[in-house]
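# Structural characterization, general
So the chains spell out like this:
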Amino acid sequence: MNDMAEALRIAVTLVLSGDGDLWEIVLLSLRVSLSATALACLIGMPLGALLATQRFAGRGAAIVCINALMGLPPVVVGLMVYLALSRSGPLGTFGLLYTPAAMIIAQTILIAPIVAALSRQVLEALHLEYDEQFRSLGLGRVAAIRALLWDGRFALMTVGLAGFGRAIAEVGAVIVVGGNIDHLTRVMTTAIALETSKGDLALALALGLVLMVLALVVNAAVHGVRNSEGQLAHA
Amino acid sequence: MTFRALTLALALCCASATSADTPSILVQSTTSTANSGLYDNLLPRFTEATGIAVNVVAVGTGQAIRNAQNCDADVLLVHAKSAEEAFVAAGYGVSRQDLMYNDFVIVGPADDPAGVAGLTDAGAALSRIAEAEALFASRGDDSGTHKKERALWEGTGADPDAASGDWYRETGSGMGATLNAAVGMGAYTLTDRATWLSFGNKGDVAVLVEHDPALFNQYGVILVSPDRCPDVKEEDGMAFIDWLTGRDGQSAIAEFTIDGTQVFFPNAPE
Amino acid sequence: MRDFIETGRREAPRLTLSDLSVEIGGRVLLDRVEMAVPRQGITTILGPNGAGKSLLLRAIHGLIPHAGRIDWGQGAAPRQALVFQKPVLLRRSVAANMAFVLGRDHARSHALLAEMGLQDRADQPARRLSGGEQQRLALARALATDPELLLLDEPTASLDPASAAMIEAVLRRVAARGTTILMVTHDIAQARRIADHAMVMCRGRIAEAGAAMRILAAPATPVARDFLEGRLVP
Ligand SMILES: Nc1ncnc2c1ncn2[C@@H]1O[C@H](COP(=O)(O)OP(=O)(O)OP(=O)(O)O)[C@@H](O)[C@H]1O
Ligand SMILES: [Mg+2]
């Protein structure tokens with residue numbers, strides 16, 4: 001209980017003091033997780049749209065696989081990416097291990113299945129509604145998918161947020177491929193893990209509170225975009 | 001949406017180019033040195049003297065050695081002498097040098113159910129803990145500390161593995177997480193003194209057993225072999241090792257204190 | 001049994017269905033339909049709920065697989081549009097729904113919206129329109145594709161009398177320009193007002209087809225008679 005109050009006090013002090021290290025960590029967290037979310041959306045949403053609209057052999061198996069991949073443990077993703085990017089691994093020559101780029105790659109792999117699976121769900125409902133109309137208008141596949149993605153954009157924003165939430169909150173993947181290196185790859189979650197391991201629970205909790213505020217700000221920003229585009233009116 | 005996402009991704013990815021302009025080396029290290037704050041003290045001095053930045057990945061000794069075997073390090077700084085020697089013998093490292101030492105201590109709940117307080121024989125203390133079936137938290141992660149703990153059990157004749165999950169609790173985690181678990185459960189555990197001193201969540205756990213020569217904890221430093229790993233920054237890595245084992249590094253280690261207590265004792269050969 | 005509509009003029013029909021059947025999940029929903037739709041004028045399809053009217057329009061439109069033949073007279077299928085019984089509108093503004101079909105032809109979009117009395121709704125989200133307004137927008141969008149064959153599934157079902165009259169006027173104008181209109185309606189009075197030809201459907205078959213005036217005044221088959229007199233239970 002004491003720790004809670006102390007954590008709150010530290011969190012407020014940290015934020016108000018404009019602590020340089022904290023901001024560095026916060027910005028890196030945002031950069032890594034937002035990049036990963038953007039990349040995962042670029043991969044996952046068209047993939048979800050394909051699965052939602054096209055009928056092909058193996059589609060059912062593909063859907064089951066992607067749904068199952070949603071449950072990938074972050075540390076497993078981290079290990080796979082570590083093995084690939086390790087200097088002795090197949091992609092070692094790029095020298096990406098222990099850089100933010102490696103963390104972006106790992107988080108992208110972690111959340112792309114989530115984005116794809118949820119997008120498929122959202123777009124399939126929309127596709128059922130629009131399909132005959134689009135065929136009536138003689139729309140091609142690509143045009144139809146583009147229209148679906150656009151009309152599903154508000155639901156897809158929530159999908160993106162779900163991916164972002166998982167990315168910003170995970171520690172298992174980034175700590176393995178990023179190494180939690182001070183001033184280079186330390187993000188909010190790995191900093192929290194570090195402070196916990198140092199037994200500085202109040203500081204760890206304070207960082208956790210800052211992380212929650214961060215997630216809140218991102219969600220509120222997206223919510224703002226939705227409302228300004230009149231989501232209610234289009235429901 | 002897609003277009004905006006694309007632009008955002010590109011912008012962020014382009015911005016992610018790391019500071020490749022300043023030379024830097026990668027050190028795989030044990031958590032105890034990192035968590036104690038030793039590096040915060042040493043590294044700025046080294047960087048100031050040489051212009052080389054040092055990136056430290058702090059993991060358990062076992063994992064640090066494995067990462068170095070994968071060539072994901074220029075320098076290895078750990079505390080498990082026989083594993084380090086095996087690492088060098090297998091050709092992964094160039095040569096191992098003693099760097100510094102400190103000691104392990106057995107910490108445990110203040111009410112001390114096994115009655116080990118004040119003992120200076122770690123083996124005897126572990127025997128009593130096993131006899132009393134008092135909770136003992138083990139790292140269980142193949143770290144340097146874990147290896148030391150296993151070696152201590154060897155000498156007692158007790159078989160903690162038979163009690164695994166009962167009174168012998170293997171956390172499979174780092175020293176900090178294991179200490180948090182020990183504090184939470186009221187268990188005994190083996191920890192290096194530096195981590196213990198800088199640990200912030202001691203609860204009612206205290207140092208009970210210390211000053212046994214068997215608790216000696218030697219740290220070594222190794223350059224990863226450039227023959228085996230062509231990407232190793234041999235020159236910069238060697239500069240770091242030379243600095244650490246030289247006069248400046250050794251005195252910096254000696255000057256580092258936690259709450260006024262010296263925690264690492266330099267002992268690199270002249 | 002071949003139920004050809006008497007066309008008055010000797011002109012090839014817009015389309016001829018022969019032996020058209022649709023079976024879904026083991027149920028025969030359209031049963032060997034034979035019919036011809038004249039090129040000129042408005043043809044209405046009447047029939048009880050579940051008769052297969054909507055299904056017939058969708059089969060003609062090529063949206064569902066079917067057995068049998070659809071013959072388009074000379075050449076390929078004409079440009080055609082279908083306004084669904086439940087209008088499908090995009091989650092965009094009224095104007096954007098028009099632009100989806102028309103591209104940047106704002107003048108045309110404006111003219112069509114005006115024709116449907118929707119000119120001051122252009123910026124409103126389409127799915128916030130009233131049911132009747134949505135139906136009118138769906139019709140405007142269908143007209144925007146310049147169809148040679150316009151398939152309408154109860155286009156005035158939820159319109160108030162004035163709007164229905166407005167739509168009827170539009171349909172007459174469109175038909176006069178040479179577009180073939182095939183529409184389903186439950187409004188027998190409306191069929192009397194605007195239909196040139198009529199057919200009565202029941203249980204996946206065409207019960208009777210012919211000139212609207214004749215059928216609506218004096219149906220020849222018992223099924224059509226029962227339906228028009230309000231006695232037919234589906
Ligand atoms: N996709 C489908 N799968 C199974 N049955 C269907 C399907 N579509 C329509 N039906 C069935 O076909 C029959 C005819 O449906 P249809 O929609 O053509 O009726 P309708 O004549 O348009 O009726 P209403 O006047 O109520 O609009 C109904 O019994 C319906 O349950
Ligand atoms: Mg119908």
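Note that the structure is predicted; figures quoted are calculated from it, not measured.

The subject of this paragraph is the overall build of chain A. A tally of helices and strands in chain A yields 11 helices and zero strands. Listing every helix and strand of chain A by position from the N terminus yields α-α-α-α-α-α-α-α-α-α-α. Buried positions account for 51% of the 235 residues belonging to chain A. For chain A, contacts bridging at least 24 residues in sequence account for 75% of all contacts bridging at least 6. Total accessible area on chain A stands at roughly 10100 Å², and carbon and sulfur atoms take up 71% of it.

Now for the site of ligand 1. All names here are of chain C. Residues in close proximity to ligand 1 total 14 residues, the closest being Asn49, Gly50, Lys53, Ser54 and His186. At a separation of 3.0 Å, an oxygen atom of ligand 1 approaches a polar side-chain atom of arginine 27. Within the side chain of glutamine 85, one N or O atom sits 2.9 Å away from an oxygen atom of ligand 1. For ligand 1, whose free accessible area comes to 630 Å², the fraction covered by protein is 67%. Mapped by element, the contributors of at least two residues to the shell around ligand 1 are strand 2 (27-37) and helix 1 (53-60). When residues of the shell around ligand 1 are assigned to their parent elements, the largest contribution, three residues, is made by helix 1. Its residues assigned to classes, the shell around ligand 1 comprises five nonpolar, six polar and three charged.

Attention now moves to the interface of chain A and chain B. The interface is formed by 29 residues belonging to chain A together with 34 residues belonging to chain B. Summed over the shared surface of chain A and chain B, the result is one salt bridge. Taken together, the elements giving at least two residues each to the side of chain A that touches chain B come down to helix 2 (20-53) and helix 9 (188-197) of chain A. When the residues that make up the side of chain A that touches chain B are grouped by side-chain class, the tally is 15 nonpolar, nine polar and five charged.

What follows is about the arrangement of the chains. Counting contacts across all two pairs of chains that touch, the top-ranked interface belongs to chains A and B. These two, chain B and chain C, are apart from each other, with no contact and a minimum C-alpha gap of 15 Å.

Another point: the environment of Leu14(A). Residues and elements named next belong to chain A. For leucine 14, the position within the fold is in helix 1 (residues 2-16). Taking C-alpha positions, leucine 14 is 9.0 Å from valine 210, a pair spaced 196 residues apart along the chain. Beyond its immediate sequence surroundings of up to four residues, leucine 14 is in contact with Asp19, Leu22, Leu203 and Leu207.

Donor atoms from the polypeptide that coordinate the magnesium ion (ligand 2) comprise Ser54(C) (OG) and Gln85(C) (OE1), at 1.9 to 2.1 Å from the metal. Here the residue Ser54(C) occupies a position in helix 1, and Gln85(C) occupies one in the loop between strand 5 (80-83) and helix 2 (94-102), the gap between them amounting to 31 residues.

Residue and element names in this part refer to chain B. At a minimum axis distance of 4 Å, the contact between helix 10 (residues 234-245) and helix 11 (residues 247-255) shows a crossing angle of 60°. Viewed along their axes, helix 10 and helix 11 adopt a mutual orientation that is oblique. Between helix 10 and helix 11, the contacting residues are Trp243, Leu244 and Thr245 on the first element and Arg247, Asp248, Gly249, Gln250, Ala252 and Ile253 on the second.

This part is about the sheet that holds strand 7 (residues 180-184) of chain C. Residue and element names in this part refer to chain C. Strands sit in the order 5-6-7-3-8-9 across an open sheet of six strands; the sheet is mixed. Pairing within the sheet leaves two strands with one partner each, and these edge strands are strand 5 and strand 9 (205-211). Strand after strand, the sheet turns through a mean of 15° between neighbouring axes, direction not considered. Two strands pair when backbone bridges link them, and strand 8 (residues 197-202) and strand 9 are joined in this way by six bridges, in the antiparallel orientation. Its bridge partner being in strand 9, alanine 198 is matched across the sheet by glycine 210.

Here we take up the domain arrangement of chain B. Residue and element names in this part refer to chain B. Taken domain by domain, chain B holds domain 1 (3-101 + 218-266) and domain 2 (103-215). Summarising the inter-unit geometry, the C-alpha centres of domain 1 and domain 2 are found 28 Å apart. Contact with domain 2 buries surface across domain 1, with His79, Ile258 and Val263 losing the most and accounting together for 31% of the total. Inspection of the domain 1/domain 2 interface yields one salt bridge. Between arginine 66 and aspartate 142 there is a salt bridge; the shortest N-O distance is 3.7 Å. Where domain 1 touches domain 2, the interface holds two residue pairs in polar contact (both at pLDDT 80 or more). Contributions of two or more residues to the side of domain 1 that touches domain 2 are made by helix 2 (31-35) and helix 4 (61-69). In terms of residue class, the side of domain 1 that touches domain 2 is built from six nonpolar, nine polar and two charged.

Residue and element names in this part refer to chain C. When you line up the elements, histidine 197 lands in strand 8. For histidine 197, a relative accessible area of 9% gives the class buried. Only 3.2 Å separates the side chain of histidine 197 from the backbone oxygen of glutamine 40, close enough to count as a polar contact.

Here we come to the packing of aromatic side chains. Residue and element names in this part refer to chain B. Tallying each qualifying case throughout the model produces 14 aromatic pairs over all chains. For the pair tryptophan 167 and tyrosine 168, a centre-to-centre distance of 6.1 Å together with 75° between the ring planes defines the contact as edge-to-face. Through successive ring pairs, a cluster of aromatic residues spans Phe136, Trp153, Trp167 and Tyr168. For the cation-ring pair, lysine 202 lies above tryptophan 196, with the distance from its terminal atom to the ring centre recorded as 5.5 Å. Above the ring of tyrosine 92, the side-chain terminus of arginine 228 is found at 4.4 Å from the ring centroid.

This structure, assessed with the given rule, holds three cavities of 30 Å³ or more. Computed from the structure, the largest cavity encloses a volume of approximately 70 Å³. Considering the residues around the largest cavity, the lining is formed by Gln133(A), Ser136(A), Leu137(A), Ala81(C), Leu82(C), Val83(C), Phe84(C), Pro87(C), Val88(C), Ala138(C), Arg141(C) and Ala142(C). Secondary structure elements with two or more residues in the lining of the largest cavity: helix 5 (100-136) of chain A together with strand 5 and helix 4 (131-144) of chain C.

Quick look at the state of the cysteines now. All names here are of chain B. Under the defined criterion, the tally for this structure stands at one disulfide over all chains. Between the sulfur atoms of cysteine 71 and its disulfide partner cysteine 229 the distance amounts to 2.0 Å. Sign of the S-S torsion, about -70° for the bond between cysteine 71 and cysteine 229, identifies this disulfide as left-handed. Of this pair, cysteine 71 sits in the loop between helix 4 and strand 3 (75-78) while cysteine 229 sits in the loop between strand 9 (216-224) and helix 10, and the two are 158 residues apart along the sequence. Residue classification places cysteine 71 among the buried positions, given a relative accessible area of 8%.

What follows covers the interface of chain A and chain C. Contact residues are listed per partner, giving 18 residues for chain A and 21 residues for chain C. The contact between chain A and chain C buries some 1800 Å² in all, and 50% of this surface belongs to carbon and sulfur atoms. Where chain A meets chain C, there are four salt bridges. Arg92(C) is paired through a salt bridge with Asp151(A); the nearest N and O atoms lie 2.5 Å apart. Across the chain A-chain C interface, the total number found is nine residue pairs in polar contact (both at pLDDT 80 or more). Elements represented by at least two residues in the side of chain A that touches chain C include exactly helix 5, helix 6 (141-151) and helix 11 (231-234) of chain A. Per-element accounting of the side of chain A that touches chain C gives the leading share, eight residues, to helix 5 of chain A. Broken down by class, the residue content of the side of chain A that touches chain C amounts to 10 nonpolar, three polar and five charged.

Rules behind the numbers
- Residues numbered from 1 in each chain as written.
- Chains lettered and ligands numbered in written order.
- Predicted model: local features only at pLDDT ≥ 70, side-chain atom pairs only at ≥ 80, totals over all residues.
- Heavy atoms only, no water.
- Helix = DSSP H or I, 4+ residues; strand = E, 2+ residues; numbered from the N terminus.
- Buried < 20%, exposed > 50% of the residue type's maximum accessible area, 1.4 Å probe, protein only.
- Contact = heavy atoms within 4.5 Å.
- Areas by Shrake-Rupley, 256 points an atom, 1.4 Å probe, with all protein chains shown as cover.
- Near = heavy atom within 4 Å.
- Polar contact = N/O pair within 3.5 Å; in protein donor to acceptor, adjacent residues only side chain to side chain.
- Nonpolar A, V, L, I, M, F, W, Y, C, P; charged D, E, K, R; others polar.
- Salt bridge = Lys/Arg side-chain N within 4 Å of Asp/Glu carboxyl O.
- Donors = N, O, S within 2.8 Å, 3.2 Å for Na, K, Ca; no water.
- Axes fitted to C-alpha atoms, helices over the stretch in contact; angles between N-to-C directions.
- Parallel < 35°, antiparallel > 145°, perpendicular 65-115°, else oblique.
- Pairing = 2+ DSSP bridges.
- Domains from an automatic or database assignment.
- Buried area = accessible area lost by both parts, 1.4 Å probe.
- Phe/Tyr/Trp six-rings, centres within 6.5 Å; stacked < 30°, edge-to-face > 60°.
- Lys NZ or Arg CZ within 6 Å of the ring centre and 35° of its normal.
- 1 Å grid on protein atoms, 1.4 Å probe; cavity = no way out; pocket = protein on both sides within 12 Å on 5 of 7 lines; lining within 4 Å.
- Points joined across faces, edges and corners; volume = space filled by probe spheres on them.
- Disulfide = S-S within 2.5 Å.

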